[in-house]
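Close look at the chain arrangement
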Amino acid sequence: MPAAWQARAAEHAARADDLTAGHRARRAAGGERHAIEDFLFEYYPAKPAQLRRWHPGAGVARADAAEAPQAGWRWYRTDAEGTVALDADAFLADRGDTVRYVRALLSATAGRPAATGCFGLHEWAMVYREGDGDHRHPLPLRLGGAGTDAVVERHRIRCTHIDAFRFFTPDAAPRNTLQPTRETQVAMEQPGCLHANMDLYKWALKLGPAAPGDLLLDAFALAREIRTVDMQASPYDVSSYGLDPIAIETTEGKAEYVRRQRGFAAASQALRTRLVAACDAVLGTPVRGRAEPDRV
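Residues numbered from 1 in each chain as written. Predicted model: local features only at pLDDT ≥ 70, side-chain atom pairs only at ≥ 80, totals over all residues. Heavy atoms only, no water.

**Re helix α11 (residues 213-232)**
Threshold: Helix and strand labels come from DSSP, where a helix needs a run of H or I of at least four residues and a strand needs a run of E of at least two; each type is numbered from the N terminus. Expected helix span is given by 1.5 Å per residue-to-residue step, counting one fewer step than there are residues. The rule is simple: take the accessible area with a 1.4 Å probe, protein chains only, and divide by the maximum for that residue type; under 20% is buried, over 50% is exposed, in between is partly exposed.
In a regular helix each residue adds 1.5 Å, so 20 residues correspond to 28 Å; α11 covers 29 Å between its end C-alpha atoms and thus fits that length. Burial within α11 is extensive, with 14 of its 20 residues counted as buried.

**Looking at the state of the cysteines**
Let me state the cut-off plainly: Two cysteine sulfurs form a disulfide in these notes if their separation is within 2.5 Å.
Counted according to the given criterion, the structure contains 0 disulfides. We note that Cys 118 lacks a disulfide partner, and the nearest cysteine sulfur, in Cys 193, lies 6.7 Å from it. Cys 279 takes part in no disulfide bond, and the closest cysteine sulfur, belonging to Cys 193, lies 19 Å away.

**Regarding the nonpolar core**
A general tendency of soluble globular proteins is for nonpolar side chains to be buried together. What counts, and what does not: Each nonpolar core is a collection of buried residues, namely Ala, Val, Leu, Ile, Met, Phe, Trp, Tyr and Cys, held together in the definition by side-chain atoms within 4.5 Å. In what follows, residue pairs with any heavy atoms lying within 4.5 Å of each other are defined as contacts.
Core analysis: the biggest nonpolar cluster contains 69 residues, and Phe 168, Tyr 201, Leu 207 and Ile 248 have the highest contact counts within it. Not counting the four nearest positions on each side in its chain, Tyr 201 is found in contact with Leu 40, Tyr 44, Ala 46, Leu 51, Leu 216, Ala 219, Phe 220 and Ala 223. Counting 8 residues, the second-largest nonpolar core is a separate cluster that includes Ala 35, Val 127, Met 231 and Tyr 236.

**Observations concerning the side chain of His 155**
We apply this condition: What qualifies as a polar contact is a pair of N or O atoms within 3.5 Å, subject to a donor-acceptor requirement within protein and to the restriction that residues adjacent in sequence count only when both atoms come from side chains.
As for its position among the elements, His 155 is in the loop between α6 (144-154) and α7 (162-165). Using a relative accessible area of 18% as the deciding quantity, one classes His 155 as buried. A polar side-chain atom of His 155 sits 2.8 Å from a polar atom in the side chain of Lys 254. The residues touching His 155, leaving out its near neighbours within four places in the chain, are Leu 121, Ile 248, Glu 249 and Lys 254.

**Quick look at the packing of aromatic side chains**
Definition in use: Put simply, two rings from Phe, Tyr or Trp (the six-membered ring, in Trp's case) pair if the centres are within 6.5 Å, and we call them stacked under 30 degrees between planes, edge-to-face over 60, tilted for the rest. Only Lys NZ and Arg CZ are tested; either one counts as a charge over a ring when it is within 6 Å of the ring centre and within 35 degrees of the ring normal.
This model, assessed by the stated rule, comprises 9 aromatic pairs. Their ring planes at 85 degrees and their centres at 5.4 Å tell us that Tyr 44 and Tyr 201 sit as a pair that is edge-to-face. Placement of the pair is Tyr 44 in the loop between α2 (39-43) and α3 (48-52) and Tyr 201 in helix α10 (residues 200-207), with a sequence separation of 157 residues. Tyr 201 carries the same exposure label as Tyr 44, and that label is buried. A centroid spacing of 6.1 Å and a plane angle of 75 degrees characterise the contact between Trp 73 and Tyr 76, whose relative ring orientation is edge-to-face. What makes Trp 73 buried here is its relative accessible area of 18%. Clustering of aromatic rings is evident, with ring pairs tying together Phe 39, Phe 41, Tyr 43, Tyr 44, Tyr 201 and Phe 220. Sitting over the ring of Phe 39, Arg 227 keeps its end group 3.8 Å from the ring centre.

**Things to note about the environment of Leu 217**
When you line up the elements, Leu 217 lands in helix α11. Separated by 202 residues in the primary sequence, Leu 217 and Arg 15 have C-alpha atoms spaced 8.0 Å apart. Residues within four places of Leu 217 in sequence aside, it is in contact with His 12, Arg 15, Ala 16, Leu 19 and Leu 51.

**A closer look at the confidence of the model for the protein chain**
Note the following rule: pLDDT is a residue-level measure of predictor confidence that goes from 0 to 100.
Mean pLDDT over the protein chain works out to 91, with 95% of the residues at or above the 70 mark. Every residue in residues 286-296 scores below 50 in pLDDT, and together they form 21 contacts with partners more than four places removed in sequence or on other chains.

**Some words on α10**
α10 sits mainly inside the fold: 7 of its 8 residues count as buried. Inspection of α10 places Leu 200, Tyr 201, Lys 202, Trp 203, Ala 204, Leu 205 and Leu 207 among the buried residues, and these make up the whole buried set. The first or second residue beyond α10 is Gly 208, which carries a positive phi of 55 degrees.

**Some points on the packing of α10 against helix α12 (residues 251-283)**
Operational definition: In this analysis an axis means a line fitted to C-alpha atoms, helices contributing only their contacting stretch, and an angle means the value between N-to-C directions, from 0 to 180 degrees. Any angle that falls under 35 degrees is termed roughly parallel, while one over 145 is termed roughly antiparallel, one within 65 to 115 roughly perpendicular, and all others oblique. Left-handed is the label given to a crossing in which the near helix is rotated counterclockwise from the far helix by less than a right angle, and right-handed is the label when the rotation is clockwise. The classification used treats Ala, Val, Leu, Ile, Met, Phe, Trp, Tyr, Cys and Pro as nonpolar, Asp, Glu, Lys and Arg as charged, and all other residues, Gly among them, as polar.
Relative orientation of the contacting elements α10 and α12 amounts to 15 degrees, with a least axis distance of 11 Å. Of the possible angle classes, the one that applies to α10 and α12 is roughly parallel. With respect to the hand of their crossing, α10 and α12 are arranged in left-handed fashion. On the side of α10, the interface is formed by Leu 200, Ala 204 and Leu 207, while α12 contributes Ser 268, Leu 271, Arg 272, Leu 275, Ala 278 and Cys 279. When grouped by side-chain class, the residues that make up the contact of α10 with α12 number 7 nonpolar, 1 polar and 1 charged.

Listed below in structure tokens is the structure:
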């Protein structure tokens, strides 16, 4: 019924607006960049308007094509009965390789135990031996350049994630016990990695209309929560954001980081299951025994 999907679409848009309010306000005012919230819109190329757009997901048909905005969107089709749904064949013709890759990566990651013990040192390795000058984020170093370098040198770095490792400074890269590459990503990704879990938002974006709207926003919300902890455990001073550091150079800080890491690992596994189900729905693998599209 129209009222049902209209309510879901309105609730989705309101939730998206709430999640992006700070970013939109700063952008409108031309204010300072926020190294946590704005990062999600810089590193992951999606705009707030994209998050507002509600998709029912693959395998769900709207029974009122005349009133459904999806009827005019890319990769949707309207059938003779007046229902509109994702055209899986058209979507797979354009994005099939992406869907299959996402499924393979997430399934492989979900099948591994969470590795803890990295203590968020990837962010420290990104500024190693860069001194006290300009860095990737508009924040001062909490321990200064020399203090930051000393923390890196006292620890073993074991980063498994290519998209964190590729930002290591030239002096830090050889210190990593692993040398992840794009080619080894499926073989190395593991659910204890904060960046791999943050990337679930990226994979939801890549799936586009195949991912239900609530799944996209759940992935974004988790990514924002993870990014907050990522920066608290980083070498940057985040006190200007009203946040306390997670001082991973101390025993207490390490314990707190691992506690948060394990919580994110559990939350990310639930999202991976949902993302794999979205892949299966568009690839034609039966989901919950459903053969015909649900109608809303």
